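Here is how the chains run, residue by residue.
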Amino acid sequence: MVLYDSATSGGSNSGSSSSCSGTKQPVAEIDGLLAGAGYKVRSSELRQVAQRLERLETVMVNSPADISQLASDTVHYNPSDLASWVDSLLSEFNQPPLPLPSDLPDLPDIIAGPSVNHTAVGNYLTDNFTTTQQQQQQQQQMMIVTAMEEDSGIRLVHMLMTCAESVQRGEMAVAGSLIEDMKGLLTRVNPSCGIGKVAGCFIDALSFRIMGVGGSICGSVSENEILYHHFYEACPYLKFAHFTANQAILEAFDGHDCVHVVDFNLMHGLQWPALIQALALRPGGPPLLRLTGIGPPSPDGRDSLREIGLRLAELARSVNIRFTFRGVAASRLEDVKPWMLQVSPKEALAVNSILQLHKLLGSDPARNSPMEMVLGWIRNLNPKIMTVVEQESNHNQPEFLDRFTTALYYYSTMFDSLEACPLQPEKALAEIYLQREICNVVCCEGSARVERHEPLAKWRNRLAGAGFRPLHLGSNAFRQASMLLTLFSAEGYSVEETEGCLTLGWHSRPLIAASAWHAVPDVMMSHQNSN
Amino acid sequence: MQQQQKEKKLKFFINDDIDILIEILKRLDGRSLCVAACVCRLWRTLARNDSLWEELCFRHVSSPPPSSVRPVVLALGGYKRLYMVCLRPVLSRLGLAELTSHRVKRTWTRDELQLSLSLFCVHYYERLGAAAAAGDTDRSLGECDASTSSLMFLCKPVNV
């Protein structure tokens, strides 16, 4: 870059005006060498103009959009006024000129080549660390390149990937230093919006993983219930799950007088009032309703399951439904045995699993036995319907880096959608809820990692293999979900229907998927097996 | 005698004819009904009558609701509460999108009614929980007006 060299050589000349000997000295002290080439730049601004030119080149090289319109559509300043010209071009890329630190070392020492891009520096880092001095140099270079690039957010994402890669390779020292850099970079990014928050969560999760304290993140049962409740209030995902599952269960219970619902995670029982009310108003009169709620045992002697059951019973009594409740306390779903549920053969059974089934996916994919065992006894109970709602993402990949990358994009979208929530403190606690999930996905391994989310396609295969057939969620469920979304103030949510399942997403990125299943009759199963 | 009759005719006072008053109040919209409740004690007592609010709730429903709805709504807190807490925000949210394009008084569907009733039920259930947490033994839910959070998302203005 010819101009670049001229600028630096011009900058190192202290008395540039001396080259214009004999001519009248301009008041603004225009650099003489550049003036000879036709460009008017003040000597005092030479360094800044050079840095801005460098940044302009970086931005143009890395710009994702087609920049040819710059040649035709944009109005440029007279290029002989180089400073204004480069500023006007930078503003085309939304890069406002920023004041650079005054202790910046001389430019030629720092810039490795004409085009400095993210991957180049990234590769440089992972390939060339041996001594601390080199590390320092690289850190310096990274800091300076960062100062010159405007988009620290993208920088942060790339650093997170690099750090995760180091963790996967077991290079904990590198990862540790990267985390320090990222924390420094985080102060420059706005922490209260977008990438700042989710990056903060992932940085914390990575540092927990490096320190080896991943297992201690999970909170107490009552804490989790409170966080879950606030997550329910702050965004529509759980409401969508509840209403869609209820609609499917309501339709499956049509015509039955004795019905039984098994809930794999009762929490505060927020799903069931709506079903109770819908059953009370159904044409033909309400059935006898039994609800069995599974939940973790409460540590402090309170029987929280029973309390929730009493509340639901009071509600059912108010609307004149015959109702009985049974609580099953189990810390893990695989500890539940079918006899605890006391299912009677005469009643119509519905099994409801909201964000629970993925916890059964053990670390050993070959064995798969908790999942097979549970799906087996569910099938043997012959439910009229099983409603399954799961996160729509693959956080159960064997390679850590793949998991990390997928989780980063998934939770970024989640946090984006949460930005629109106006309710405090619901929003803050919902973010903590998501933070706990992130920690589990990133820090934990083996049986401690319970957040093993898998996409809908995988669940379809797994459930079909276990003897279940899909039930299409009807148009009523879709209409209800769409209506529910219009009630939320944020405009980015979207409901989609794929092969009878509904997904709720943010800006057409599906985040949660609801599906319904019923058991294939045994005759058909043996027929399938014999083929 | 004629003087007295003339005076009586001139001094027509609506509060003397409660049936007519009720018929008029039945046809008001929600905001007017609330304003009417502030006029005097008689009007306040009449406006508290839940059947007036029932009329209001189902005025624009395309088909009349089944008879089983009333006991359920009354058990969950009554039509006035249903309107104030659920229907009004739901209708304004759903209607706002339509108002710009159609500018007609829309009838709303069974589905919207059903959704509102479900949300109302969740609201009632949360009030039960709040009452239990506060240690209320007499369960006077009429006074327990703690704003539960499950419906607060309806109260925030829409980002249009």
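Note that the structure is a prediction, hence the values are computed from the model and not measured.

So, on to the overall build of chain B. Summing up its helical and strand segments, chain B has 9 helices and 0 strands in all. Starting at the N terminus and walking to the C terminus, you meet the elements of chain B as α-α-α-α-α-α-α-α-α. Across the 160 residues in chain B, those meeting the buried criterion constitute 38%. Look at the contacts in chain B between residues 6 or more apart in sequence, and 65% of them connect residues 24 or more apart. Entry remark: accessible area of chain B is about 9600 Å², with carbon and sulfur atoms responsible for 55%.

This brings us to helix α9 (residues 152-169) of chain A. Residue and element names in this part refer to chain A. End to end, α9 covers 25 Å across 18 residues, agreeing with the expected 26 Å (1.5 Å per residue, within 8%). Extensive coverage of α9 is indicated by the burial of 13 of its 18 residues. Directly after α9, the chain includes G170, whose backbone phi takes a positive value near 85°.

Moving on, we come to the interface of chain B and chain A. If you look at the interface, chain B gives 32 residues, while chain A gives 33 residues. For the pair chain B and chain A, the summed buried area comes to about 3000 Å², and 68% of that belongs to carbon and sulfur atoms. For the interface between chain B and chain A, the tally reads 0 salt bridges. The tally of links between chain B and chain A comes to 5 residue pairs in polar contact (both at pLDDT 80 or more). Contributions of two or more residues to the side of chain B that touches chain A are made by α6 (69-76), α7 (79-99), α8 (110-134) and α9 (152-155) of chain B. Per element, the largest residue contribution to the side of chain B that touches chain A is 14 residues, and it comes from α8(B). In the side of chain B that touches chain A, the residues fall into 19 nonpolar, 7 polar and 6 charged.

What follows concerns the state of the cysteines. Residue and element names in this part refer to chain B. Within this structure, the stated rule accounts for 0 disulfides over all chains. Note on C34: no disulfide assigned, nearest cysteine sulfur contributed by C38 at a separation of 7.5 Å. What makes C34 partly exposed here is its relative accessible area of 28%. Looking at the unpaired C40, the closest cysteine sulfur is the one in C38, lying at 11 Å. For C40, a relative accessible area of 28% corresponds to the partly exposed category.

In this section: the pairing of strand β9 (residues 509-519) of chain A. Residue and element names in this part refer to chain A. Within β9, 8 of the 11 residues are buried, leaving the element largely enclosed by the surrounding structure. Examined bridge by bridge, strand β6 (residues 468-471) and β9 share 4 bridges and lie antiparallel to one another. Across the sheet, residue L471 finds its bridge partner in β9, namely A516. One ladder, built from 5 bridges, connects strand β8 (residues 501-506) with β9; its direction is antiparallel. Bridge assignment links G505 to a residue of β9, and that residue is P510.

This paragraph deals with the side chain of H395(A). All names here are of chain A. As for its position among the elements, H395 is in the loop between β5 (385-391) and α17 (400-419). Looking at H395, the relative accessible area reads 0%, which means it is buried. With residues up to four places along the chain from it excluded, the contact list for H395 reads R403, T406, A407, Y410, Y411, V441, R449, E451, R452 and H453.

Attention now goes to the domain arrangement of chain A. Residues and elements named next belong to chain A. According to the domain assignment, chain A consists of domain 1 (144-213 + 397-452) and domain 2 (221-392 + 454-529). The straight-line distance from the C-alpha centre of domain 1 to that of domain 2 is 31 Å. Domain 1 puts 23 residues into the contact, and the matching count from domain 2 is 25 residues. Interface area lost by domain 1 to domain 2 is led by Y410, Y433 and R452, which between them contribute 32%.

Below, the discussion takes up the side chain of D263(A). Residues and elements named next belong to chain A. Within the element layout of this structure, D263 appears in strand β1 (residues 258-263). Of the side chains bearing the opposite charge, K359 lies closest to the buried D263, which forms no salt bridge; the N-O distance is 11 Å. Within the structure, the side chain of D263 is placed 3.2 Å from the backbone nitrogen of N265, a separation counted as a polar contact. For D263, the contacting residues outside a window of four places in its chain are W272, T292, G293, I294 and N352.

Residue and element names in this part refer to chain A. Counted by the stated rule, this structure contains 11 aromatic pairs over all chains. Centre to centre, the rings of Y228 and Y433 are 6.2 Å apart; their planes meet at 70°, and the pair counts as edge-to-face. Here Y228 is found in helix α12 (residues 221-234), whereas its partner Y433 is found in helix α18 (residues 426-443), with 205 residues between them in sequence. Its relative accessible area of 9% is what places Y228 among the buried residues. When the ring of F231 is compared with that of Y433, the centres are 4.6 Å apart and the planes differ by 20°; the resulting orientation is stacked. Of this pair, F231 sits in helix α12 while Y433 sits in helix α18, and the two are 202 residues apart along the sequence.

Further remarks concern the packing of helix α11 (residues 195-211) of chain A against α18(A). Residue and element names in this part refer to chain A. Contact geometry for α11 and α18: axes closest at 9 Å, N-to-C directions at 40°. Classed by the angle they form, the pair α11 and α18 counts as oblique. For α11 against α18, the interelement crossing comes out right-handed. Here K197, C201, F202, D204, A205, L206, F208 and R209 of α11 lie close against α18, whose contacting residues are K427, E431, Q435, I438, C439, V442 and C443. Of the residues contributing to the contact of α11 with α18, the split by class is 9 nonpolar, 1 polar and 5 charged.

Rules and cut-offs
- Residues numbered from 1 in each chain as written.
- Chains lettered and ligands numbered in written order.
- Predicted model: local features only at pLDDT ≥ 70, side-chain atom pairs only at ≥ 80, totals over all residues.
- Heavy atoms only, no water.
- Helix = DSSP H or I, 4+ residues; strand = E, 2+ residues; numbered from the N terminus.
- Buried < 20%, exposed > 50% of the residue type's maximum accessible area, 1.4 Å probe, protein only.
- Contact = heavy atoms within 4.5 Å.
- Areas by Shrake-Rupley, 256 points an atom, 1.4 Å probe, with all protein chains shown as cover.
- Expected span 1.5 Å × (residues − 1).
- Buried area = accessible area lost by both parts, 1.4 Å probe.
- Salt bridge = Lys/Arg side-chain N within 4 Å of Asp/Glu carboxyl O.
- Polar contact = N/O pair within 3.5 Å; in protein donor to acceptor, adjacent residues only side chain to side chain.
- Nonpolar A, V, L, I, M, F, W, Y, C, P; charged D, E, K, R; others polar.
- Disulfide = S-S within 2.5 Å.
- Pairing = 2+ DSSP bridges.
- Domains from an automatic or database assignment.
- Lys, Arg positive; Asp, Glu negative; His and termini not counted.
- Phe/Tyr/Trp six-rings, centres within 6.5 Å; stacked < 30°, edge-to-face > 60°.
- Axes fitted to C-alpha atoms, helices over the stretch in contact; angles between N-to-C directions.
- Parallel < 35°, antiparallel > 145°, perpendicular 65-115°, else oblique.
- Left-handed = near helix turned anticlockwise from the far one by under 90°.

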